[in-house]
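For reference, the chains in residue letters:
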Amino acid sequence: MRMKLLTRVVLASLARASQWSALFVAMLPARAFACAVCGGGNPANRFAFFMMTIVMSLLPLGLFAVAFLWLRARLLARNDSEFEERDAVNVPPRPALVDSTSQDNGETLPPPVPAA
Amino acid sequence: MTSPELHVVHSLPRRGSTDHALIGMAVFVFTEIMLFAGFVSAFVIVRNAVMPGLWPPPDQPRLPFERTALNTAALLASGVMVWVAHRAASRRGPMAARVPLSIGVVLGALFVGLQGMEWASLLRQGLTLASSQIGSFFYLIIGAHAVHAVCALGLLIWCWTDLVAGRYRPSRFGAVQLLWYFVVLVWPVLWLVVYR
């Protein structure tokens, strides 16, 4: 019973401490002006920072999308002509699948030589 | 005894989903796009941090936006000629790509040469790497592009010598083409952002 109570108190304390820590970390740059761009600066500078953040966030995603579409188009084009090369190949006549020592190799036998 | 089915399979040409050289170059170009995006981002933020009318600083020369239009035109024309060379090679054979690729290489070399002359002029006017923020950014961003342009031009000349010697390799040319298109297409962005 006491252990359960102790555990609950410890967990509640940890949760509250983590909430305050997150708030502290979030407020830190604004209070300390650690980043001259996002904490201060003129409106044009802040706007440029905001726009560049958007560009730098979306650019790799756009590049991934372009790469995906490009690969997809190439794969589709490849699949369209998947069997063209196979069909164009001159397949040699299929040899017999039996031992060469066998008499019954599928070939037409020469006419029997009449006995002398 | 060898199976006849195996013989048929081996006689087919090997096929991949796409060219490895092209994929490798595409990954490289991807990273380079992000590199230049980072440069441009830093440049735009720093330029906007300066009070209006103070960029470029009064004691620093203006970047020759109008004069560099000629370099830009040469580079864009070079990109077009390389594209024409690619089309000619794929439609009429490698020999048809010799003339457009030669013109593309000459135009690319013209761009690099004109850029070198421009740099020499700016250095004489006092714009150096350490003279101001604009000098630092100019030589960093435009210098990085120049390094890419010189390397890509060298690779393009390599493909051209192969073509002239009758050893045309579509895989290599495709990868080099991609790098050259990157050099060509990133330049107008740099020109409009940095020079203006």
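Cut-offs and rules
Residues numbered from 1 in each chain as written. Chains lettered and ligands numbered in written order. Predicted model: local features only at pLDDT ≥ 70, side-chain atom pairs only at ≥ 80, totals over all residues. Heavy atoms only, no water. pLDDT = per-residue confidence, 0-100. Helix = DSSP H or I, 4+ residues; strand = E, 2+ residues; numbered from the N terminus. Salt bridge = Lys/Arg side-chain N within 4 Å of Asp/Glu carboxyl O. Buried < 20%, exposed > 50% of the residue type's maximum accessible area, 1.4 Å probe, protein only. Phe/Tyr/Trp six-rings, centres within 6.5 Å; stacked < 30°, edge-to-face > 60°. Lys NZ or Arg CZ within 6 Å of the ring centre and 35° of its normal. Axes fitted to C-alpha atoms, helices over the stretch in contact; angles between N-to-C directions. Parallel < 35°, antiparallel > 145°, perpendicular 65-115°, else oblique. Left-handed = near helix turned anticlockwise from the far one by under 90°. Contact = heavy atoms within 4.5 Å. Nonpolar A, V, L, I, M, F, W, Y, C, P; charged D, E, K, R; others polar.

Draft legend 1. Representation of the confidence of the model for chain A. When pLDDT is averaged along chain A, the result is 76, and 59% of the positions lie at 70 or above. Taken element by element, chain A is modelled with least confidence in helix α3 (residues 84–88) of chain A, mean pLDDT 67, and with most confidence in helix α2 (residues 43–80) of chain A, mean pLDDT 89.

Draft legend 2. Structural context of the pattern of salt bridges. Residue and element names in this part refer to chain B. Counted under the stated rule, the structure contains two salt bridges over all chains. In this structure, the salt-bridge partner of Arg 167 is Asp 162, at a minimum N-O distance of 3.2 Å. Among the salt bridges present, the one from Arg 172 reaches Asp 162, with a minimum N-O distance of 2.2 Å. Of this pair, Arg 172 sits in helix α6 (residues 170–195) while Asp 162 is found in helix α5 (residues 133–164), placing the two residues 10 residues apart along the sequence. For Asp 162, a relative accessible area of 5% corresponds to the buried category. Connected through shared salt-bridge partners, Asp 162, Arg 167 and Arg 172 make up one network.

Draft legend 3. Seen up close, the packing of aromatic side chains. All names here are of chain B. Counted according to the given criterion, the structure contains 13 aromatic pairs over all chains. An angle of 80° between the planes, with centres 5.1 Å apart, marks the rings of Trp 119 and Tyr 139 as edge-to-face. Linking Trp 119 in helix α4 (residues 98–124) with Tyr 139 in helix α5, this pair joins segments that are 20 residues apart in sequence. Residue Tyr 139 is classed as buried on the basis of its relative accessible area of 10%. Among the aromatic side chains, those forming a connected cluster through ring pairs are Phe 111, Trp 119, Phe 138, Tyr 139, Trp 187 and Tyr 195. The ring centre of Trp 158 lies 3.6 Å from the NZ or CZ of Arg 172, which sits over that ring.

Draft legend 4. Representation of the packing of helix α3 (residues 68–92) of chain B against α6(B). All names here are of chain B. Contact geometry for α3 and α6: axes closest at 10 Å, N-to-C directions at 155°. The angle between α3 and α6 falls in the class roughly antiparallel. The chirality of how α3 crosses α6 is left-handed. Taking contact as the criterion, the partners of Thr 68, Ala 69, Thr 72, Leu 75, Leu 76, Ser 78, Gly 79, Val 82, Trp 83, Ala 85 and His 86 in α3 are, on α6, Phe 173, Gln 177, Trp 180, Tyr 181, Val 183, Val 184, Trp 187, Pro 188, Trp 191 and Tyr 195. In terms of residue class, the contact of α3 with α6 is built from 15 nonpolar, six polar and no charged.

Draft legend 5. Main features of the environment of A:Asn79. Residue and element names in this part refer to chain A. Within the secondary structure layout, Asn 79 lies in helix α2. Take Asn 79: its relative accessible area is 41%, and that puts it in the partly exposed class. In this structure the C-alpha to C-alpha distance between Asn 79 and Val 10, which are 69 residues apart in sequence, comes to 61 Å.

Draft legend 6. Geometry of the packing of α2(A) against helix α2 (residues 20–49) of chain B. For the pair α2(A) and α2(B), interaxial distance at closest approach is 9 Å and the crossing angle is 170°. Taken together, α2(A) and α2(B) sit at an angle that is classed as roughly antiparallel. Crossing angle aside, the handedness with which α2(A) passes α2(B) is right-handed. Grouping the constituent residues of the contact of α2(A) with α2(B) by class yields 20 nonpolar, four polar and one charged.

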